[in-house]
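A closer look at the structure
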Amino acid sequence: MTAMPEWSAGETDVLARAVVRAPSVHNTQPWTLELPEGRALLLERSDPALPFHDPLGRDRSLSCGAATANLELGMRVLGRDTTLELLPERDRPELVARLSAGGGRVPSDTDLHRYSAIARRRSYRQPFTSQPVSDYDMKDLVAAAAEDGVQVKVLRTPDELAALAGLLEYAATVLRQDRGYQRELALWTLRDERSHRHGVGIPGGSLPRVSLPWAGLVRPTTPVPDSVTLAQRLRGETVLLFLTAGDARPDHLRVGIAMQHTWLAAVDMGLAAAVQTQPLHLAEARAGFIDRLGLAGYPQLIMRVGHPHGVRIPRSPRRATAELLDGTGDGY
């Protein structure tokens, strides 16, 4: 591959902005970016730890996978061929992804549309309209998730939705009473959003005061419907389940990449989406879900997709691009 010159200031800005706008667990943005000549390196930060929500770092890897997808899209819209290597150096485990830039290429329509959707993507935690997602759009969403080792299953049948409802009810009951989890969630929820325009954390204004399955993040006062009621509500939802054959760090990174491409495809279609992983962090609940559905793999995340109501969803704060590039920041 022909060596590429240093990234220009404009190209650096494009790549950095693509990365900082990626979704991440509790909006922790657990990454830094290095841009040596002709390459882009995404490194995982371990300092914004979530020991109660994400004790094994699985969601942190999913988040880094989403940032990798955005970074590669940024390189492609700049007219570069890309070669992606995940976890390329065994003695440097924090190096999540190395992307090498090749010669000139014309960005595809898909690249341009998904890159454009990066700035418009939000976590939509409200109920959707009654208009269903068409089979045509569903086919495209599943196709967008194409990534080695990742399978996407659409949960549709009464048995599948009943199993999901049972998972959500059990997890909500457990997490609602988990004091450590609740303290951690409160710490990462922003109450004074105007003073946190740049940084990390979940905007309090984006959280609806309704019950599952829409809210996702369970608080001590969250009313939890029984599984029968939840199953009835889920019948009006479109739910995608992302699975992998393995359950190691490369699997989690690839799910993050697949998730982000699906999410951006949904936004480009005029749809909205949000993901949940919390229920799948409870080992007993996850195992029961696998057994009940007879899944041939490990469920990694749940994605809701649908037509949004005309409500304004605030954009989560973001770290400054300079902080992303020099690796500073305390994670809060």
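See the structure shown above.
Residues numbered from 1 in each chain as written. Predicted model: local features only at pLDDT ≥ 70, side-chain atom pairs only at ≥ 80, totals over all residues. Heavy atoms only, no water.

Of the regular secondary structure elements, the protein chain holds ten helices and ten strands. Expressed along its principal axes, the backbone C-alpha trace of the protein chain runs to roughly 60 × 40 × 40 Å. When each of the 332 residues of the protein chain is scored for burial, the buried share is 55%. Of all intrachain contacts in the protein chain linking residues separated by at least 6 positions in sequence, the fraction that spans at least 24 positions is 76%. Total accessible area on the protein chain stands at roughly 14600 Å², and carbon and sulfur atoms take up 49% of it. Looking at charge distribution, the protein chain has the averaged site of its 39 positive side-chain charges lying 6 Å from that of its 39 negative ones. (Helix = DSSP H or I, 4+ residues; strand = E, 2+ residues; numbered from the N terminus. Buried < 20%, exposed > 50% of the residue type's maximum accessible area, 1.4 Å probe, protein only. Contact = heavy atoms within 4.5 Å. Areas by Shrake-Rupley, 256 points an atom, 1.4 Å probe, with all protein chains shown as cover. Lys, Arg positive; Asp, Glu negative; His and termini not counted. Charge placed at Lys NZ, Arg CZ, Asp CG, Glu CD.)

Overall, antiparallel pairing links the four strands, which are arranged β1-β2-β4-β3 in an open sheet. The sheet is open, and its two edges are formed by β1 (31-34) and β3 (80-86), each paired on a single side. The average undirected angle you get between the axes of adjacent strands in this sheet is 20 degrees. (Pairing = 2+ DSSP bridges. Axes fitted to C-alpha atoms, helices over the stretch in contact; angles between N-to-C directions.)

For the rest of this paragraph, the subject is helix α7 (residues 227-234). Buried residues of α7: Leu230, Ala231 and Leu234, and no others. Angular distribution of buried residues about the axis of α7 spans 100 degrees; they occupy a single face of the element. On its buried side, α7 packs onto α5 (158-176) and β8 (238-244). A side-chain oxygen of the first residue of α7 lies 3.0 Å from the backbone nitrogen of valine 228; this N-cap is aspartate 226. (Arc of directions from axis to C-beta. Polar contact = N/O pair within 3.5 Å; in protein donor to acceptor, adjacent residues only side chain to side chain.)

We now examine the nonpolar core. Among the nonpolar cores identified, the biggest contains 29 residues, and Leu141, Leu240, Phe242, Met259, Leu301, Met303 and Val305 are the most heavily contacted of them. Contributions of two or more residues to this core are made by α2 (58-77), α3 (109-118), α4 (135-144), β5 (150-155), β8, α8 (249-268) and β10 (298-306). Here this core takes eight residues from α8, the largest share from any one element. In terms of nonpolar packing, the next biggest core, distinct from the first, is built from 25 residues, Leu167, Val239, Leu280 and Leu295 among them. (Core = buried A, V, L, I, M, F, W, Y, C linked by side-chain atoms within 4.5 Å.)

Here the focus is the side chain of histidine 252. For histidine 252, the location among the structural elements is in helix α8. The class for histidine 252 is buried, based on a relative accessible area of 7%. Apart from the residues within four sequence positions on either side, histidine 252 is in contact with Arg58, Ser61, Leu62, Asp247 and Gln300.

It is worth spelling out the pattern of salt bridges at this point. Following the criterion strictly, the structure yields 19 salt bridges and no others. Note that aspartate 13 is salt-bridged to arginine 17, the shortest N-O span being 2.9 Å. Of this pair, aspartate 13 and arginine 17 are both found in helix α1 (residues 9-20), four residues apart, which corresponds to roughly one turn of the helix. The partner of arginine 76 in a salt bridge is aspartate 111, with the nearest N and O atoms 3.6 Å apart. (Salt bridge = Lys/Arg side-chain N within 4 Å of Asp/Glu carboxyl O.)

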